[in-house]
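# A look at the structure
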Amino acid sequence: MQNIERDVVIVGAGPAGLTAALELKKTGKTVAILEARDRVGGRTWTDTIGGATIEIGGQWISPDQTALYSLADELGIETYPRWKEGASVFIDHDGKRTVYTGEDFPVGEATVGEIDKLIAIMDELAAQVNPDKPWEHPEAKELDTISFHHWLESKTSDPVAVECVGLFIAGGMLTKPAKTFSALQALLMAASAGSFSNLVDEDFILDRRMSTTMQGVSLKMAERIGAEDIFLNNPMLRLEWSDDSVVAHGKDVSVSAKRVIMAIPPNLYTRPSYEPPLPRWQQVTHQHQSMGLVIKVHAVYDRPFWREQGLSGTCFSPSSLVQEVYDNTFLNDPRGTLVGFVSDEKADAMWALGEEERKTAILESMAAFLGEETLNPEVFYLSDFGSEEWTRGAYATSYDLGGLHRFGPTQNDAVGPIYFASSDLAGEGYQHVDGAVRMGRRTAARIVAELDGGSYDESFDGAVSPFVKA
């Protein structure tokens, strides 16, 4: 067992932990990162499968994600646009396929009006919500104790409008049925992106990709931090802590430090043992945060054949097995890649099937959008973070009904020398790499201020808009 000393030990080498380490080292603090996996990147992960570059985890960046843009600029990473040219495809509850252009789903004029009404209500409420403190909204308790689905039903009698609007938060973001999380949780998701309108605009929220892939951001940070400070294959098994110090015991290294940052999702906080145990409130809080479940489908073809038909590759259906499809062709790749998503209860059903039966069901669902050529990819791969020991779901954690206003106010409180930082706890950028970067920067600033006896800006994220020169 190797024994080392550092100012700060960080648990988790995902974007939050790596950003915190990078910021701490800039101030002269010494760090060590314990990472359970054999790689850095956390929920961002790239692999080459069948010769194709596959972004198994998170991958997109949107215009509001200024913290991530500023980090990419610092690391010298460029971005490129997602393919968006051409018409989209929509499949309704009756299986009718419609090719359309424009922002509105082709669901009938009355339903479009109800969808627009719901989006306007969400935008108005989201503008009133501070994403860092959604529990301070005057109606927080009421909004947090009704499910998003039932709240939408209270605003319209159109069931198709309810399902279409619910799609963007339930299947598209939280990856849980809309009856299992609150309206306040949905409003946090909207406020974190600037508005609900941003969330329902796929050309905004899925705007661009990293030239290095998203995991490349973590790899670049790891290079700057230095391999000597990153201990892979070293899950933290036990944490001894007092008021002003910690000893973090990994598999084959123990780190004595003044502070520790738990840069892992909240559903994993209870994985290590703590001596003494965490306070009662912390132990209860994290039992009310859970991951969703989604299958990210990757299908690679010899060419992007849908473009030949004047299609963008963008497809939606609230009722289909695969509810979203996008052109996901990597930079300068002559082949064509589609990415699709199977969420929550539909994902449960797919994992209950055998491998070939599952593949057939998913490809047939995608083929209903884009035709028979979809049935024969050269590469077919399913991302399954739900089976990964060090993630256990996707994309991020959210609270159960009533949990956000009850436990949220203390979710970012330090416990003695123990700090918590992940995209799951972010306000702006919640659930995204941008949120992880913000949390890493803010947590590093808090620790530096505490160790050096100074103060810090609670809203600090180091971000400069990529669209406005400083």
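Structure: see above.
Now for a look at the structure at hand. These numbers were taken from a predicted model, which means no experiment stands behind them. (Residues numbered from 1 in each chain as written. Predicted model: local features only at pLDDT ≥ 70, side-chain atom pairs only at ≥ 80, totals over all residues. Heavy atoms only, no water.)

Time to look at the pairing of strand β12 (residues 238-241). In β12, alternate side chains face the same way, and those of L239 and W241 are buried while those of R238 and E240 on the opposite face are not. Bridging between β12 and strand β13 (residues 246-249) involves 4 bridges; their strand directions are antiparallel. Across the sheet, the residue bridging to E240 is V247, located in β13. Sheet analysis places β12 next to strand β16 (residues 273-275), joined by 3 bridges and oriented parallel. Across the sheet, the residue bridging to E240 is E275, located in β16. (Buried < 20%, exposed > 50% of the residue type's maximum accessible area, 1.4 Å probe, protein only. Helix = DSSP H or I, 4+ residues; strand = E, 2+ residues; numbered from the N terminus. Pairing = 2+ DSSP bridges.)

For the rest of this paragraph, the subject is the side chain of T443. Tracing the backbone shows T443 in helix α16 (residues 433-452). Leave out the neighbours within four places in its chain, and T443 touches I261, Y419, F420 and A421. (Contact = heavy atoms within 4.5 Å.)

Of all hydrophobic cores here, the largest spans 64 residues; its most connected members are I10, L24, V217, L239, I261, M262 and I418. At 7 residues, the largest contribution of residues to this core is made by α16. When near neighbours in sequence (up to four residues on either side) are disregarded, I10 contacts G17, A20, A21, L24, A32, I33, L34, I261 and A263. If you look at the next biggest cluster of nonpolar residues, it comprises 62 residues, including V162, L187, V339 and F341. (Core = buried A, V, L, I, M, F, W, Y, C linked by side-chain atoms within 4.5 Å.)

On to the packing of helix α1 (residues 15-26) against helix α10 (residues 215-225). Relative orientation of the contacting elements α1 and α10 amounts to 30°, with a least axis distance of 10 Å. The way α1 lies across α10 gives a crossing that is left-handed. On α10, the residues that touch P15, L18, T19, A21, L22 and K25 of α1 are S218, M221, A222, R224 and I225. Here the contact of α1 with α10 is built from residues that sort into 7 nonpolar, 2 polar and 2 charged. (Axes fitted to C-alpha atoms, helices over the stretch in contact; angles between N-to-C directions. Left-handed = near helix turned anticlockwise from the far one by under 90°. Nonpolar A, V, L, I, M, F, W, Y, C, P; charged D, E, K, R; others polar.)

To continue, consider the packing of aromatic side chains. According to the stated counting rule, one finds 17 aromatic pairs in the structure shown. Ring geometry for Y301 against W306: centres 6.1 Å apart, planes inclined by 80°, an arrangement best described as edge-to-face. Using a relative accessible area of 0% as the deciding quantity, one classes W306 as buried. A cation over a ring is seen here: K296 above W60, with NZ or CZ 5.7 Å from the ring centre. The cationic tip of R307 hangs over the ring face of W83; the distance from NZ or CZ to the ring centre is 3.8 Å. (Phe/Tyr/Trp six-rings, centres within 6.5 Å; stacked < 30°, edge-to-face > 60°. Lys NZ or Arg CZ within 6 Å of the ring centre and 35° of its normal.)

Pairing between strand β4 (residues 46-49) and strand β5 (residues 52-55): 4 bridges, direction antiparallel. Each bridged residue has a counterpart across the sheet, and for I49 the counterpart in β5 is A52. A loop of 2 residues connects β4 with β5, the two strands running antiparallel in sequence, and G50 in this loop sits at a positive phi of about 60°.

Turning to its location among the elements, H298 is positioned in strand β18 (residues 294-301). Exposure remark for H298: the relative accessible area of 1% places this residue in the buried category. A distance of 2.8 Å separates the side chain of H298 from the side chain of S383, its partner in a polar contact. Beyond its immediate chain neighbours, meaning those up to four positions away, H298 contacts I54, E55, I56, L338, V379, F380, Y381 and S383. (Polar contact = N/O pair within 3.5 Å; in protein donor to acceptor, adjacent residues only side chain to side chain.)

With that out of the way, let us pick up the sheet that holds strand β10 (residues 208-210). Overall, antiparallel pairing links the 3 strands, which are arranged β6-β10-β7 in an open sheet. With partners counted over all chains shown, the strands left at the sheet margins are β6 (60-61) and β7 (79-81), one partner each. In this sheet, β10 lies alongside β7 in antiparallel orientation, the contact comprising 3 bridges. Across the sheet, the residue bridging to Y80 is R209, located in β10.

Moving on, we come to the sheet that holds strand β19 (residues 311-316). Across the sheet, 7 strands lie side by side as β9-β8-β19-β20-β21-β18-β22; this open sheet has mixed pairing. At either end of the open sheet lies a strand with only one pairing partner, and these are β9 (97-100) and β22 (379-383). Going from strand to strand, the sheet's axes swing by 20° on average, the running direction of each strand aside. As paired strands, strand β20 (residues 324-327) and strand β21 (residues 336-343) are joined by 4 bridges and run antiparallel to one another. Paired with D327 across the strands is L338, a residue of β21.

Note that G310 resides in the loop between α12 (305-308) and β19. Taking the C-alpha atoms as reference points, G310 and S88, separated by 222 residues in sequence, lie 9.1 Å from one another. With near-sequence residues (within four places) excluded, G310 lies in contact with G86 and A87.

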